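Each chain is listed here by its residues.
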Amino acid sequence: FGVYRHITGPRLPPGTRTLPGPRGLPFIGRVHDIPSQQSWLKFFEWSKIYGPIYQMEIFGTVHVWISSEKIAHDLLSKRAPIYSDRPTIPNLPNNRTSGDYLALMGRNDLWKRQRRLCQHLMNASASDSLHDYPTKERGRFLYLMMREPDNYLEWVEQFTSRTISRLSWGSPHPAPVLRKTTFGLLETISPSGALPNVINWLALVPEILSPWKKKEKARYRLEEKLLTGNVEFVKRMLDDCQAEPSFTRTFLQAKGSENMTIDEIADATHVVGIMAIAGALTIGSPIQSYILAMCHYPQWQARLQKEIESSLGGRCPEWQDREKLPLLRAVVKEVLRWRPPVPTGIPHALEKDDIYDGYHIPAGATIHALEWGMTRDESTYPDPETFNPDRWLLSQYPTYREPLTTYPNLQGYSQFGFGRRTCQGLPVVEQDLFLTMGGMAWALDIRKKRDAHGREIPVHWNNYTPLLIAKPVKFQFDVVVRDPDKMRAVTEMFADVDGDTTLCDDSRSDWGDPDDKGDDDFFVNVRDTPPPPPIHTTQVEKTEQQRGDHQPADESGLRSVHAGKRKSRSVSGSWPDSLLVAQGPIVVR
Ligand code: HEM
């Protein structure tokens, strides 16, 4: 078909033209010079040659790349009835119909039903401020960052997966297995994660000969066990009146367990599943990009700290403070612009032939909103390579919007897609990013490391992982706790989350078994890395000395903070979290 198309060319309706774009080779199209790393840079480079909308063919399929927000809105939003389908993913061939992954499903009735349910569950949690789960987990995250910053990748991923696990099922325990299955799914669906997604005929290879199919089958088995077990667990907890707030609890309570059909249970299992997957996959990217940005732009860290100090008088930002902290909201938005977490977007599929500005776009084309390209559009974002939160705060910039008590925010932001397929996770993203970035700025100075001669160790500028969700490749940096009061306050936040009673459940089979190795390598290493040992007085003092701060810690203040707050933590030894507790209570004097 590819050869045929190459020889005959497309049949165009009268008066229309084919979109410009790089010409391909017979049969394979333009696959030979798409890099396996950071492909979005190449697609953006082509947009500078061929314009903000261009096309190329890969193995007979037309791929359209859009790097203008206006064109993306014209097509994906205003013509949503024909632009809201999803393409088939060769390495996950039933993605359009199975009902397993809402975000990858075709535009069919099942997708519409699941999308409505997703919206409902998200709204219910958002109206209760996400049950404060992001705040609780933020305290744990800051503590771990303070104690062992070199292990930051682990702490970021633990924060995102534990927060979304609690939101989904009311407990952080599923987080390690969730991380494992989710990362596997990312590989399954990413063009650079599994070869059949690029060389499509490999999807026809029988399972016995296909490493990709074997791996995906093992991953899917573990995921199904996790998702169905979690719903069963929440049901039982609900029967015992012990279920913590969660998407699943909201669903079960609204329906009443006895009245549910099998289809309804399956929908809820997978809708909650996709929210958990999306939350565990994506939010770590901007958190890591924030750290990268602070290494390169210490002046913005200082400005952020000033805003927090002057608005909150030394207290850590809470979600309720957002009106008072426009710069923090601007930093969140600018991080997402500077380093888009989904740089190539999630593709849509065109259902009918279309004409745009005289160009013919054929039915069946895969349409990519190139988020990387959109964020580099100089007419909207002058000097786009520079991290500049002021572009959201000063009236001289095209992206400025009043009032600053409300704007900037993430509503309607191009980084979350277009039309009927826009992201449904905004409440979680906004709260998680506001709290983690605000918390880090409040408690920590992040800066480049220095070598033995006092020279700064370079930090990469834009070296990102190649999968659909891009994250900065690991880099070195230093973290200095800004003052002993903040260290004590963070330690206190950690004690609070650690004492949470949901850590006491021991019915591990409900959450998927971290030790289940099955018959495949896929099951190995599912446990989370344990946190570092508890903090001791000497470390507080050492930090004071390092900072040249000779004021002794406020003994009386601290005692009153701790009085009556320390909780008994009788957590079973079998959970990863229990490793925290096995090391004894946190001691700060
Ligand atoms: C920084 C974090 C995130 C980013 C950048 C992001 C971005 C995106 C993008 C670009 C899409 C595709 C939109 C389109 O096709 O036009 C999407 C879809 C989606 N997102 Fe997110 N997302 C994030 C976090 C989340 C979270 C936390 C959740 C849920 C808790 C979530 C749930 C979804 C769902 C369900 C869809 C599919 C909607 C559909 O296909 O109908 N996302 N997201």
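Scroll up to find the structure this text is about.
Residues numbered from 1 in each chain as written. Predicted model: local features only at pLDDT ≥ 70, side-chain atom pairs only at ≥ 80, totals over all residues. Heavy atoms only, no water.

1. Here's the deal with unusual backbone geometry
Glycine aside, residues mostly have negative phi angles, and peptide bonds mostly take the trans form.
So, step 1. In this chain, Glu-402 is followed by Pro-403 through a cis amide linkage whose omega measures -5 degrees.
So, step 2. Looking at where Pro-403 falls in the secondary structure, it is placed in the loop between α15 (371–374) and α16 (426–443).
So, step 3. The omega angle of the peptide bond from Tyr-407 to Pro-408 is 0 degrees, so this bond is cis rather than trans.
So, step 4. Mapped onto the fold, Pro-408 is located in the loop between α15 and α16. (Helix = DSSP H or I, 4+ residues; strand = E, 2+ residues; numbered from the N terminus.)

2. Some points on the site of the ligand
So, step 1. Neighbouring residues of the ligand: 28 residues in total, closest Arg-86, Arg-115, His-348, Arg-421 and Cys-423.
So, step 2. Within the side chain of Arg-86, an N or O atom sits 2.8 Å from an oxygen atom of the ligand.
So, step 3. In the model, an oxygen atom of the ligand is placed 2.8 Å from a nitrogen or oxygen of the His-348 side chain.
So, step 4. Of all elements in the fold, only α5 (109–127) and α11 (262–282) reach the threshold of two or more residues within the shell around the ligand.
So, step 5. In terms of residues, the shell around the ligand owes the most to one element, α11, which gives four residues.
So, step 6. When its residues are assigned to classes, the shell around the ligand shows 16 nonpolar, eight polar and four charged. (Near = heavy atom within 4 Å. Polar contact = N/O pair within 3.5 Å; in protein donor to acceptor, adjacent residues only side chain to side chain. Nonpolar A, V, L, I, M, F, W, Y, C, P; charged D, E, K, R; others polar.)

3. Remarks on the layout of surface pockets
So, step 1. Estimated volume of the largest pocket: approximately 1,000 Å³.
So, step 2. Looking at the largest pocket, it is lined by 37 residues, and the ones nearest its centre are His-63, Pro-191, Asn-197, Val-198 and His-368.
So, step 3. The set of elements that each furnish at least two residues to the lining of the largest pocket consists of α2 (39–50), β3 (61–66) and β7 (366–369).
So, step 4. Of the residues contributing to the lining of the largest pocket, the split by class is 22 nonpolar, 14 polar and one charged. (1 Å grid on protein atoms, 1.4 Å probe; cavity = no way out; pocket = protein on both sides within 12 Å on 5 of 7 lines; lining within 4 Å. Points joined across faces, edges and corners; volume = space filled by probe spheres on them.)

4. A few points about empty space enclosed by the protein
So, step 1. Counted by the stated rule, this structure contains six cavities of 30 Å³ or more.
So, step 2. Around the largest cavity sit 42 residues that line it, and Ala-103, Ala-278, Thr-282, Ile-346 and Cys-423 are the ones nearest its centre.
So, step 3. Among the elements that line the lining of the largest cavity, the one with the most residues is α11, at seven residues.
So, step 4. Within the lining of the largest cavity, the residues separate by chemical class into 29 nonpolar, nine polar and four charged.

5. Thoughts on the packing of aromatic side chains
So, step 1. The tally for this structure, following the rule as stated, stands at 17 aromatic pairs.
So, step 2. The interplanar angle of 50 degrees and the centroid separation of 5.5 Å between the aromatic rings of Tyr-152 and Phe-475 together place this pair among those described as tilted. Of the two residues, Tyr-152 sits in helix α7 (residues 152–169) while Phe-475 sits in the loop between β8 (444–447) and β9 (478–481), which places them 323 residues apart along the sequence. Neither residue differs from the other here; Tyr-152 and Phe-475 are each classed as buried.
So, step 3. Here Tyr-413 and Phe-416 contribute two aromatic rings whose centre-to-centre distance is 6.4 Å and whose plane-to-plane angle is 50 degrees, an arrangement assigned as tilted. (Phe/Tyr/Trp six-rings, centres within 6.5 Å; stacked < 30°, edge-to-face > 60°. Buried < 20%, exposed > 50% of the residue type's maximum accessible area, 1.4 Å probe, protein only.)

6. A word on the environment of Asp-74
So, step 1. On the secondary structure map, Asp-74 appears in helix α3 (residues 69–77).
So, step 2. Residues Asp-74 and Phe-251 lie 177 residues apart in sequence; the distance between their C-alpha atoms is 36 Å.
So, step 3. The contacts of Asp-74, once residues within four sequence positions are left out, are Arg-79 and Tyr-356.
So, step 4. Looking at Asp-74, its side chain comes within polar contact range of the side chain of Lys-78, at 3.2 Å. (Contact = heavy atoms within 4.5 Å.)

7. Examining the side chain of Asn-409
So, step 1. Along the chain, Asn-409 turns up in the loop between α15 and α16.
So, step 2. In this structure Asn-409 comes out as buried when scored by relative accessible area, which is 15%.
So, step 3. A distance of 3.2 Å separates a polar atom in the side chain of Asn-409 from the backbone oxygen of Thr-406.
So, step 4. At a separation of 2.9 Å, a polar atom in the side chain of Asn-409 contacts the main-chain amide nitrogen of Gln-411.
So, step 5. Non-local contacts of Asn-409, meaning those with residues more than four positions away in its chain, are made with Lys-333 and Glu-430.

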